[in-house]
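Chains, contacts and geometry: an overview
Here is how the chains run, residue by residue.
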There are 2 protein chains.
Amino acid sequence: MNSSVSIQTLRRLPLYLHYLKSDATESDTVSATVIAEALGLNDVQVRKDLGSVSGSGKPKKGYVRKELIGELEKFIGYNNHIGAVLIGAGNLGRALLSYSGFSDYGLEIVAAFDRSNVVVGSYAGGRRVLPMSELGRVCREENVKLGIITVPASGAQEACDKLVAEGVTAIWNFAPITLKVPERVHVENENLASSLAVLSKHLNV
Amino acid sequence: MNSSVSIQTLRRLPLYLHYLKSDATESDTVSATVIAEALGLNDVQVRKDLGSVSGSGKPKKGYVRKELIGELEKFIGYNNHIGAVLIGAGNLGRALLSYSGFSDYGLEIVAAFDRSNVVVGSYAGGRRVLPMSELGRVCREENVKLGIITVPASGAQEACDKLVAEGVTAIWNFAPITLKVPERVHVENENLASSLAVLSKHLNV
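Residues numbered from 1 in each chain as written. Chains lettered and ligands numbered in written order. Predicted model: local features only at pLDDT ≥ 70, side-chain atom pairs only at ≥ 80, totals over all residues. Heavy atoms only, no water.

Concerning the overall build of chain A
For clarity, the threshold we go by: Numbering of helices and strands runs from the N terminus; a helix is a DSSP stretch of H or I covering at least four residues, while a strand is a stretch of E covering at least two. For every residue, the accessible area (1.4 Å probe, protein chains only) is compared with the maximum for its type, and the residue is labelled buried under 20%, exposed over 50%, or partly exposed between those bounds. In this analysis, two residues are considered to be in contact whenever any of their non-hydrogen atoms come within 4.5 Å of each other. Areas reported as accessible are Shrake-Rupley estimates using a 1.4 Å probe. Residue values count occlusion only from the protein chains shown. Charge counting treats Lys and Arg as positive and Asp and Glu as negative, with His and both chain ends excluded. In this description, the location of a charge corresponds to atom NZ of lysine, CZ of arginine, CG of aspartate or CD of glutamate.
Each helix and strand in chain A was counted, giving eight helices and nine strands. Across its three principal axes, chain A shows a C-alpha extent of roughly 60 × 50 × 35 Å. Here chain A holds 205 residues, and 53% of them are scored as buried. Long-range pairs, those at least 24 residues apart, make up 55% of the contacts in chain A between residues at least 6 apart in sequence. Only carbon and sulfur atoms are counted for the fraction: they give 49% of the accessible area of chain A, which is about 9600 Å². Averaged over its 22 positive side-chain charges, chain A has a centre that lies 3 Å from the centre of its 21 negative ones.

Here it is, written out as structure tokens:
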């Protein structure tokens, strides 16, 4: 068991967790080989990934499903509550605010902000959109460490700088630019435009 | 100039395009070095990426901005209209249906489908959600080659199989599983759970 795994391993862990929690398997025990086959992954890789998260696997028998689920959830941190603020209550921001699936991962968007007076005061996903001037107060009061950026590219670095200044240490960036941040801050880019470029190219070749 | 570039290069092209179209630069010409600096990327990489897409760069002077924008748009295929169908009109599906930004990339979601009778007939993003039984007709009539999957993990492979059977050759998958597809079909995974796992781990370490 290991507290530091590669980012690539970390990205695969939610896949295992989803599979284990699904109806796909009714057995109480499950092996890395079975998981690998179901998910279309290499079984050596899956065995290695699970070995770095759990110490409970038995040769030939595999893992007790419930135990492995608990170990994965604990390792990833889904049991921890994560409060986040979102900047940019346009279409994409409103979509994320309305998405109820985040609670499965312990994520709660505690407040949304926008710099446009037209948007401030409106409601999105049951939350009133706040002016940027309240960002500092909310981050302090709710001890927020995660910021979600859904502003257009032109405003993303400014939004990022404000989040970093308020003590945020992780940023989920949906704007199509590379953000500049201090080394202690982790940025996870969700670039829908990049995905669309790959898909578009595939369709037009 | 080259019609086949690496997927990693392809993923970066939209970043360059966004930068070039933004107000950040008012100059008529732009060099790879300036773009690299603005986006926080390696300038050798940027030069190589642009060289594989455009033949119009001049030593010392760089690129004529308008020409490079045109070349990038043409290469990525944003000028081509891409019709897509979406399966799964839950929260995430509705969010994507309501998102107006896709038209910038030439993408139009022509119809949405769901297997639940509760959802079929409701409206999302101005479109009536259709029953799965109409998927084949719509794909044929609109010549759809791209499918977007926003169903839960448990139903994703079934949705995928139906899309492939209707002749779809590219799939944008938002469900947290690895889909099994024939070799001719390209799958682009948008795994929000994986991103959240990385962010969550960073916050809890």
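So much for the structure itself; the text now carries on.
As for the side chain of Ser-200 of chain A
Along the chain, Ser-200 of chain A turns up in helix α8 (residues 192-204). Ignoring anything within four residues of it in the chain, the contact list for Ser-200 of chain A reads Ile-76, Gly-77, Tyr-78 and Ile-82 of chain B.

A look at empty space enclosed by the protein
The line we're drawing: A pocket here means an open set of points on a 1 Å grid, computed over the protein atoms alone, that has protein on both sides within 12 Å along at least five of seven lines. A cavity is instead a set of points where a 1.4 Å probe fits but cannot get out; residues with an atom within 4 Å of a point line either one. Grid points are joined across faces, edges and corners, and a volume is the space filled by probe spheres set on the points.
This model, assessed by the stated rule, comprises one cavity of 30 Å³ or more. Size it by volume and the largest cavity reaches roughly 120 Å³. What lines the largest cavity is a set of 13 residues, among which Leu-92 and Leu-96 of chain A together with Leu-92, Leu-96 and Leu-192 of chain B lie closest to the centre. Sorting the residues of the lining of the largest cavity by element identifies α5 (91-98) of chain A together with α5 (91-98) of chain B as the ones contributing at least two each.

Overview of the sheet that holds strand β5 (residues 123-124) of chain A
Residue and element names in this part refer to chain A. Heads up, the condition is: Pairs of strands are assigned from DSSP output, requiring at least two bridges between the strands.
The strand order across the open sheet formed by seven strands is β5-β6-β4-β3-β7-β8-β9, and the pairing between neighbours is mixed. The sheet terminates laterally at β5 and β9 (186-189), the two strands that pair on one side only. Where strand β4 (residues 107-114) and strand β6 (residues 127-131) come together, three bridges link them in parallel fashion. Bridge pairing links Ala-112 to Val-129 in β6.

A few points about the confidence of the model for chain A
The condition is simple: How sure the predictor is of each residue is captured by pLDDT, a score from 0 to 100.
Here chain A shows a mean pLDDT of 88. Residues at 70 or above account for 97%. This complex was scored by the predictor with a pTM of 0.73 and an ipTM of 0.77.

Description of the interface of chain A and chain B
Filter applied, for reference: Two parts placed together each lose some accessible area under a 1.4 Å probe, and adding up what both lose gives the buried area. We call two N or O atoms a polar contact when they sit within 3.5 Å, provided that within protein one can donate a hydrogen and the other can accept it, with sequence-adjacent residues counted only if both atoms are side-chain atoms. Classification convention: Asp, Glu, Lys, Arg as charged; Ala, Val, Leu, Ile, Met, Phe, Trp, Tyr, Cys, Pro as nonpolar; all other residues, Gly among them, as polar.
With 57 residues of chain A in contact, the opposing surface of chain B contributes 57 residues. Taken together, both faces of the contact between chain A and chain B bury some 5100 Å²; the carbon and sulfur share is 69%. Counting the contacts that link chain A with chain B gives 17 residue pairs in polar contact (both at pLDDT 80 or more). Secondary-structure elements contributing two or more residues to the side of chain A that touches chain B are α1 (7-21), α2 (32-39), α4 (65-76), α5, β8 (170-173), β9 and α8 of chain A. If you tally residues by element for the side of chain A that touches chain B, the top one is α8 of chain A, at 13 residues. Of the residues in the side of chain A that touches chain B, the class split is 32 nonpolar, 17 polar and eight charged.

Quick look at the environment of Leu-203 of chain B
Within the secondary structure layout, Leu-203 of chain B lies in helix α8 (residues 192-204). A C-alpha to C-alpha distance of 37 Å links Leu-203 of chain B and Glu-108 of chain B, two positions 95 residues apart in sequence. Those residues in contact with Leu-203 of chain B that sit more than four places away from it in its chain are Ile-82, Lys-145, Leu-146, Thr-169 and Ala-170 of chain A.

Comments concerning the packing of aromatic side chains
Residue and element names in this part refer to chain A. To keep it simple, the criterion reads: Two rings from Phe, Tyr or Trp (for Trp, the six-membered ring) form a pair when their centres are within 6.5 Å of each other. A pair whose planes differ by under 30 degrees is stacked, one over 60 is edge-to-face, and the rest are tilted.
Counted by the stated rule, this structure contains four aromatic pairs over all chains. Taking the centre distance of 5.8 Å and the plane angle of 65 degrees together, the rings of Phe-102 and Trp-172 count as edge-to-face. Highlighted residues: Phe-102 in the loop between α5 and β4 and Trp-172 in strand β8, separated in sequence by 70 residues. Of the two residues examined, Phe-102 and Trp-172, each falls in the buried class. Consider the rings of Trp-172 and Phe-174, whose centres lie 5.1 Å apart with planes at 50 degrees: the pair is tilted.

Some thoughts on the sheet that holds strand β7 (residues 146-149) of chain B
All names here are of chain B. In plain terms, the rule: Between N-to-C directions, angles cover 0 to 180 degrees, with each direction set by a line fitted to C-alpha atoms, over the stretch in contact for helices.
One open sheet accounts for seven strands, arranged β5-β6-β4-β3-β7-β8-β9; its pairing is mixed. Among the strands making up the open sheet, the edge pair consists of β5 (123-124) and β9 (186-189). Seen against the sheet, helix α7 (residues 153-165) touches β3 (82-87), β7 and β8 (170-173) and runs at an angle of roughly 170 degrees to β7.

A few points about the domain arrangement of chain A
As a reminder of what qualifies: Segment limits for the domains were obtained from an automatic or database-derived domain assignment.
Domain annotation for chain A reports domain 1 (7-76) and domain 2 (82-196). Each of domain 1 of chain A and domain 2 of chain A has a C-alpha centre, and the two are 32 Å apart.

Examining the relation of the copies chain A and chain B
As a reminder, the rule being used: A least-squares superposition brings the copies together, and it is based on the C-alpha atoms of residues with pLDDT no lower than 70 in both.
With an RMSD of 0.0 Å, chain A superimposes on chain B once it is rotated by 180 degrees and translated 0.0 Å along the axis. Taken together, these values place the two copies in the relation of a two-fold axis. Ranked by how close their C-alpha atoms come to the rotation axis, the residues of chain A are headed by Ala-95 of chain A, at 2.3 Å.

Here we look at unusual backbone geometry
Phi angles above zero are rare outside glycine, and Asn-143 of chain A is one such case at about 50 degrees. Given a relative accessible area of 54%, Asn-143 of chain A falls into the exposed group.

Considerations on the packing of α2 of chain A against helix α3 (residues 43-53) of chain A
Residues and elements named next belong to chain A. Spelled out, the test is: The scheme is simple: roughly parallel for angles under 35 degrees, roughly antiparallel for over 145, roughly perpendicular for 65 to 115, oblique for anything else. By definition, any crossing whose near helix is turned counterclockwise from its far helix by less than a right angle is left-handed, and any crossing with a clockwise turn is right-handed.
It is the contact of α2 with α3, at a shortest axis distance of 8 Å, that shows an interaxial angle of 125 degrees. Judged by the inter-axis angle, α2 sits oblique to α3. Pair α2 / α3 crosses with right-handed handedness. Contact residues: α2 offers Ala-32, Thr-33, Ile-35 and Ala-36, while α3 offers Asp-43, Val-46, Arg-47 and Leu-50. Tallied by class, residues from the contact of α2 with α3 come to five nonpolar, one polar and two charged.

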